[in-house]
Amino acid sequence: MATNSTASASALMCSQKDVFQQSSLPQGQYHGKGVQKHIEAFQLSKKQLVKIKDSMQAAMEKGLKTQGRGGAGSLSMLPTYICALPNGTERGHFLGLELTPTQVEIVLLQLSGEERQKAQLKKQYFPIPAEVIENKIFEYMAKCLAKFLDDLNTTEKYFPLGFCFPFACDHTSLNQNYCIEVLAVVNDTVGIMVSSSCEEKPCEIGLIIGDGTNCCYMEQAKNIAGMENKVGRMCINTEWGCFGQGGELEDIVTEFDRLMDKETLSQGLSSEKVGLSKTKNFLTRQGLVLSNQDCLHVQNICQTVFVRSANLCAAGLAAIITHIRTSQNLPKLNIGVAVSGTLYRGQTQYREIVQQTLKSLIPESTFTFVASDGSAIGAALVAAAALRLRSRQEQMSGVLAPLQLSTAILEKIRNQMRRDMEKGLSKETHNTAIVRMLPTYVRHLPDGSERGDFLALDLGGTNFRVLVVQLKSPQEGGVHITSESYTIPTEVAQSNDIKLFDHIISCIMDFQAKHGMQDCILPLGFTFSFPCNQLSLDKGILLRWTKGFSALGCVGKDAVQLLREAVKRQEHFDLNVVAIVNDTVGTMMSCAYEDPNCEIGLIVGTGSNACYMEEMRNVGTVEGEEGRMCVNMEWGAFGDDGCLEYIMTSYDKKIDAASINSGQQRYEKLISGMYLGEIVRYILMDLASRKILFEGQQPSVLKTKDLFPTKLLTAIESGNEGLKELHAALEEKGLTISEEDAQLVKEVCHTVSTRAAKVCAAGLAAVVDKIRENRQLEKLEITVGVDGTVYKMHPHFARQLQETVALLAPKCRVKFLLSEDGSGKGAALIAAVAHSKSAPQST
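The rules we used
Residues numbered from 1 in each chain as written. Predicted model: local features only at pLDDT ≥ 70, side-chain atom pairs only at ≥ 80, totals over all residues. Heavy atoms only, no water. Helix = DSSP H or I, 4+ residues; strand = E, 2+ residues; numbered from the N terminus. Buried < 20%, exposed > 50% of the residue type's maximum accessible area, 1.4 Å probe, protein only. Contact = heavy atoms within 4.5 Å. Areas by Shrake-Rupley, 256 points an atom, 1.4 Å probe, with all protein chains shown as cover. Pairing = 2+ DSSP bridges. Axes fitted to C-alpha atoms, helices over the stretch in contact; angles between N-to-C directions. Disulfide = S-S within 2.5 Å. Polar contact = N/O pair within 3.5 Å; in protein donor to acceptor, adjacent residues only side chain to side chain. Salt bridge = Lys/Arg side-chain N within 4 Å of Asp/Glu carboxyl O. Expected span 1.5 Å × (residues − 1). Arc of directions from axis to C-beta. Phe/Tyr/Trp six-rings, centres within 6.5 Å; stacked < 30°, edge-to-face > 60°. 1 Å grid on protein atoms, 1.4 Å probe; cavity = no way out; pocket = protein on both sides within 12 Å on 5 of 7 lines; lining within 4 Å. Points joined across faces, edges and corners; volume = space filled by probe spheres on them. Nonpolar A, V, L, I, M, F, W, Y, C, P; charged D, E, K, R; others polar. Parallel < 35°, antiparallel > 145°, perpendicular 65-115°, else oblique. Left-handed = near helix turned anticlockwise from the far one by under 90°. Core = buried A, V, L, I, M, F, W, Y, C linked by side-chain atoms within 4.5 Å.

**Q** What am I meant to see in the overall build of the chain here?
**A** Helix and strand counts for the chain stand at 27 helices and 26 strands. Buried residues in the chain amount to 54% of all 843 residues. A separation threshold of at least 6 residues defines the contact pool for the chain, and within that pool the share at least 24 residues apart is 69%. Carbon and sulfur atoms make up 49% of the accessible area of the chain, which amounts to about 37,300 Å² in all.

In structure tokens:
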């Protein structure tokens, strides 16, 4: 991008040769005006610099979107695959090797891994003989490395190495006394950036201004086209020296830029005190006879070209800083810029101009320029960071491996579920079965002809709803639902039967008063989403509480009767409860109203359960052989007998031990949203104790129960916006998390949710295969009605569940249909079906 300042000055002076030689004449003043005219062409206004900044930013963003293949008007924006900067915890010996046109530089860093560590450094330079430059350079570098290490008399044999030069060298054979592993090949600009830090934070921009110029910076991965992993950051090599090839600089390029050649000038021509004599001596050697006035003209030319170079550099840097700030939606940005190069290091005035112009162009950002320790050191630090990440990833893989289940294990879970289903259906083994397979007495699915107004009570957790559902023909508007949500306080949920059901009745009365229904006694479907032994359509014995409920006097009693007794305790109030249903059954019924092929209900939310239409001949606990009946599996208890112990991790066991129903609902605790966040939290605590996360610290905030609600897990796996939520949530608790750690947290979340989806799919595969075998079909097509926040909201759960079911039940074509208010609408539909079947038939 930046025009070569010395070459431009040379071209300008050559064109003015006659002027210089004649400037001692009286007309010198006239020729001075001619010089000034040409100088003015090199002077850039702020408006021009802003335009250059904006053009550079546009070229960067085009290059990011097109992977550098955007043609005219785009920069190369080359990915370096350096995704992590050193964080101070790196430990060990690391080599850095830099190849320059004249020498090989080798450094050895010894890092302690301690906070604010000071690197122990050994360095050596090897001049490159002319005979090896052409075709023996790699062999020469290998010999240099071997000699460098031999001279150290070290007992170490393994050395990770970072190589500062843009082509592969990891096939070079080295002295067999050492094992040199090339972990990173970096650009010199990248090495400059990585070697430097500002206020104990790594610099995020690297800048070289010397014989050539280039810049690199840390870019958000989501902005880089073609990257599989869109989370975190990656260093981008802009190759900004090519900027302008698309004509962006055409209006500032002078005729002298076009005449540029490879001539260079000695440094110091722009210095007012020393430069005048140097200028005269230099030009005299060129065969020119000059007066002092001529020398001043030359100084002015050099100064002008010099200032233009600094301003162009500042404009490009302003484009990068502005891009970083705006892509992160930050009102302000404070950033460190690592700088190297002979022009920048050797010219104090150049540094000042760059910084002053930069402040003028981006007043909303602050920056600090840091002199680099060198590309070789940066290369060694890149190798150190790469080894740290590799080691950490290996440890992560070991921790997460027990949660990554093979197809063989999933098939084993499917087969065990199938055996436990048979036990629950059999009259002989039903009472001791873990998977209860409870009859619901729902014998018919809706056929779309149901009409009328029905009440529904949806009690599935500490929030519950009262609804009135109006079933009309499609011409009359179809299904219309009016509902109100109510809360059951914890002290009520954990009190006793009278307080709990009196509270529920008071909420129903409030609903009817609000909607003018005090005098209406409508058929009511009661969705009661807790394990029940159903003895008839309107009689269900509570087997145990789940989901944080523990009200006394309820377990072993009929929930409908408890509701009716609470009604009796009120004056001038009545209810017609015609059916008690599970939310899973309601989900199936709601979807069956839309799709007659829906014969399975699945819930994956706070809890998890499934139901399906079983052949009556297989339901040993109910009399009758004809037709079908919906069976509530209560599959959350699968594994309570220890049959899933082989997949239970130490984290699952901690979850179970800390729960209010230890030893129960073991399958549900692997799947449902109530527990997934806690599994993640226990894993993170383990990783912190192993010093894999949080830079070896063990934050006390991780001991906070329910730190990771399902909503946050869902957001984390949704991408960068979710990671911002993670940062905000933890910072609110007093924990600042690095981007590297955030990515590992995301990996943990993904592993936990993936296991949940696959374990759930194994159970569902057992269900669909059983239905297929019941009907003696070679191929089954069936629909599953699904509800629950985990299935609905998680970005990957549904897809992973569906793919795994297809894998484990290849003879079944399973369609998944999201339920629309299954626990409310479904309960009303069950009441409607029951009401229509019990109504007298007209003749």
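**Q** Would you explain the sheet that holds strand β17 (residues 479-487) in this entry?
**A** Whenever strands of a sheet pair, they do so through backbone hydrogen bonds, lying parallel or antiparallel. A sheet is described by the order of its strands in space; here five strands give the open sequence β17-β16-β15-β18-β21, paired in mixed fashion. Two strands lie at the open edges of the sheet, namely β17 and β21 (576-581), each paired on one side alone. Here the strands of the sheet are splayed against their neighbours by 20° on average, with no regard to which way each runs. Summarising the sheet, strand β16 (residues 463-471) and β17 pair through nine bridges and their orientation is antiparallel. From the neighbouring strand, F464 faces β17, where its bridge partner is Y486. Sheet contacts for helix α16 (residues 497-514): β15 (452-459), β16, β17 and β18 (523-528); angle to β17, the most-contacted strand, approximately 135°. Helix α17 (residues 559-568) contacts β15, β18 and β21 of the sheet and is inclined by roughly 150° relative to β21.

**Q** Whenever I open this one, the state of the cysteines confuses me. Can you help?
**A** Put plainly, a disulfide is one covalent bond tying together the sulfur atoms of two cysteines. Counted under the stated rule, the structure contains zero disulfides. C83 carries a free sulfur, and the closest cysteine sulfur to it, the one in C235, is 9.5 Å from it. A residue is classified by how much of its surface remains accessible, and C83, at 38% relative accessible area, is partly exposed.

**Q** Just checking my understanding: could you explain the sheet that holds strand β3 (residues 103-112) for this structure?
**A** Taken in spatial order, the five strands make up an open sheet running β4-β3-β2-β5-β6, and their pairing is mixed. With partners counted over all chains shown, the strands left at the sheet margins are β4 (120-127) and β6 (179-186), one partner each. Sheet twist, expressed as the average angle between the axes of neighbouring strands with direction ignored, equals 20°. Packed on one face of the sheet, helix α6 (residues 137-152) meets β2 (91-99), β3, β4, β5 (158-164) and β6 and runs near 135° to β4.

**Q** Would you explain the environment of R91 in this entry?
**A** Inspection of the secondary structure assignment puts R91 in strand β2. Each C-alpha atom, one on R91 and one on L387, is 9.3 Å from the other, the two residues being 296 residues apart in sequence. Excluding residues within four positions of it along the chain, R91 makes contact with L111, S112 and G113. Only 3.0 Å separates the side chain of R91 from the backbone oxygen of S112, close enough to count as a polar contact.

**Q** Sorry, what's going on with the pattern of salt bridges here?
**A** If the charged atoms of two oppositely charged side chains come close together, the side chains can form a pair. Taken as a whole, this structure holds 41 salt bridges when the rule is applied. We note a salt bridge from R418 to E422, for which the minimum N-O separation is 3.3 Å. Of the two residues, R418 and E422 are both situated in helix α14 (residues 407-425); the distance of four residues between them amounts to about one turn of the helix. Of the charged contacts, one joins R755 and D652 as a salt bridge, the two residues approaching to 2.7 Å between their closest N and O atoms.

**Q** What is the right way to look at helix α4 (residues 46-66) in this model?
**A** Spanning 21 residues, α4 covers 30 Å between terminal C-alpha atoms, matching the ideal 30 Å at 1.5 Å per step. Burial in α4 covers these residues: L49, I52, K53, M56, Q57, A59, M60, G63 and L64. Within α4, the buried residues cover an arc of 160° as seen down the axis, which keeps them to one side. Counted as exposed and oriented over 90 degrees from the buried face of α4: K47 and K65. Q67 occupies a position one or two residues after α4 and carries a positive phi of about 55°.

**Q** Even after reading the chapter, I still don't get the packing of aromatic side chains, so can you show me in this structure?
**A** Aromatic rings considered in pairs are described by the distance between their centres and by the relative angle of their planes. Overall, the coordinates contain 13 aromatic pairs when judged by the stated rule. Ring geometry for Y344 and F369: centres 6.0 Å apart, planes at 15°, overall stacked. Here F369 lies in strand β13 (residues 365-371) and Y344 lies in helix α11 (residues 342-346), a separation of 25 residues in the sequence. Since its relative accessible area comes to 7%, Y344 is described here as buried. Relative accessible area serves as the criterion here: at 15%, F369 is assigned to the buried category. Here W635 and Y667 contribute two aromatic rings whose centre-to-centre distance is 5.3 Å and whose plane-to-plane angle is 85°, an arrangement assigned as edge-to-face. Here W635 is found in the loop between β24 (628-632) and α19 (650-658), whereas its partner Y667 is found in the loop between α19 and α20 (668-671), with 32 residues between them in sequence. Judged on exposure class, the residue W635 and its partner Y667 are both buried. Grouped by ring-pair contacts, the aromatic residues F526, F528, F530, W545 and F549 constitute a single cluster.

**Q** Teacher, can you tell me more about empty space enclosed by the protein here?
**A** The method is simple in principle: a probe with the dimensions of a water molecule rolls over the atoms, and the space it marks as empty is what remains. Tallied over the full model, the rule gives five cavities of 30 Å³ or more. Residue lining of the largest cavity: F528, F530, C532, Q534, I580, V581, N582 and N632, and that is the complete set. For the lining of the largest cavity, the elements supplying multiple residues, two or more each, are β19 (532-536) and β21. For the lining of the largest cavity, the residue count by class is five nonpolar, three polar and no charged.

**Q** Any chance you could explain the layout of surface pockets here in plain terms?
**A** In this structure, the second largest pocket occupies an estimated 1,300 Å³ of space. The wall of the second largest pocket is formed by 50 residues, among which G460, G461, K547, T606 and G607 lie closest to the centre. The set of elements that each furnish at least two residues to the lining of the second largest pocket consists of β16, α15 (490-493), α18 (583-594), β23 (608-615), α19, α21 (673-689), α25 (789-793) and α27 (822-838). Residues that form the lining of the second largest pocket fall into these classes: 13 nonpolar, 24 polar and 13 charged.

**Q** Looking at this structure, how should I read the environment of L693?
**A** Positionally, L693 belongs in the loop between α21 and α22 (710-716). What makes L693 buried here is its relative accessible area of 0%. Expressed as a C-alpha distance, the spacing of L693 and A742, which sit 49 residues apart in the sequence, is 9.3 Å. Here L693 is in contact with L684, L687, A688, D741 and L744, once residues within four sequence places are set aside.

**Q** Any chance you could explain unusual backbone geometry here in plain terms?
**A** Trans peptide bonds make up most of the peptide bonds, and negative phi angles are found at most residues other than glycine. Even without a glycine there, the phi angle at M437 is positive, about 50°. One non-glycine residue with positive phi stands out, namely Y441, at about 65°. Its location among the elements puts Y441 in the loop between β14 (438-439) and β15. Note on Y441: relative accessible area 24%, which makes it partly exposed.

**Q** For this particular structure, what's the right way to read α18?
**A** Think of an α-helix as turning once every 3.6 residues; residues three or four places apart then point the same way. Between its terminal C-alpha atoms α18 stretches 17 Å, which fits the 16 Å expected from 12 residues at 1.5 Å a residue. For α18, a buried count of 11 out of 12 residues is recorded, marking the element as mostly surrounded by other parts of the structure. Three or more residues of α18 are buried, namely D583, T584, V585, G586, T587, M588, M589, S590, C591, A592 and Y593.

**Q** Is there a simple way to explain the packing of α14 against helix α24 (residues 739-774) in this structure?
**A** Relative placement of two packed helices is described by the angle separating their axes and the distance separating the axes. At a closest axis distance of 8 Å, the pairing of α14 and α24 adopts a crossing angle of 55°. Here α14 lies oblique to α24, going by the angle between them. Read as a crossing pair, α14 and α24 show a hand that is right-handed. Contacts between α14 and α24 involve L410, I413, R414, M417, R418, M421, E422 and L425 from the first element and K758, V759, A762, G763, A765, A766, V767, D769, K770 and E773 from the second. The residue makeup of the contact of α14 with α24, split by class, is 10 nonpolar, one polar and seven charged.

**Q** I'm lost on the nonpolar core in this one. Help?
**A** Looking at soluble globular proteins, one finds that nonpolar side chains tend to be buried together. L602, Y612, M633, I683 and F708 are the most contacted members of the largest nonpolar core, which has 92 residues in total. The dominant element in this core, judged by the number of residues it contributes, is α24, at 18 residues. Among residues more than four places away in sequence, those in contact with I683 are V399, L400, L403, Y651, V748 and V752. Counting 48 residues, the second-largest nonpolar core is a separate cluster that includes L44, A59, L317 and I362.

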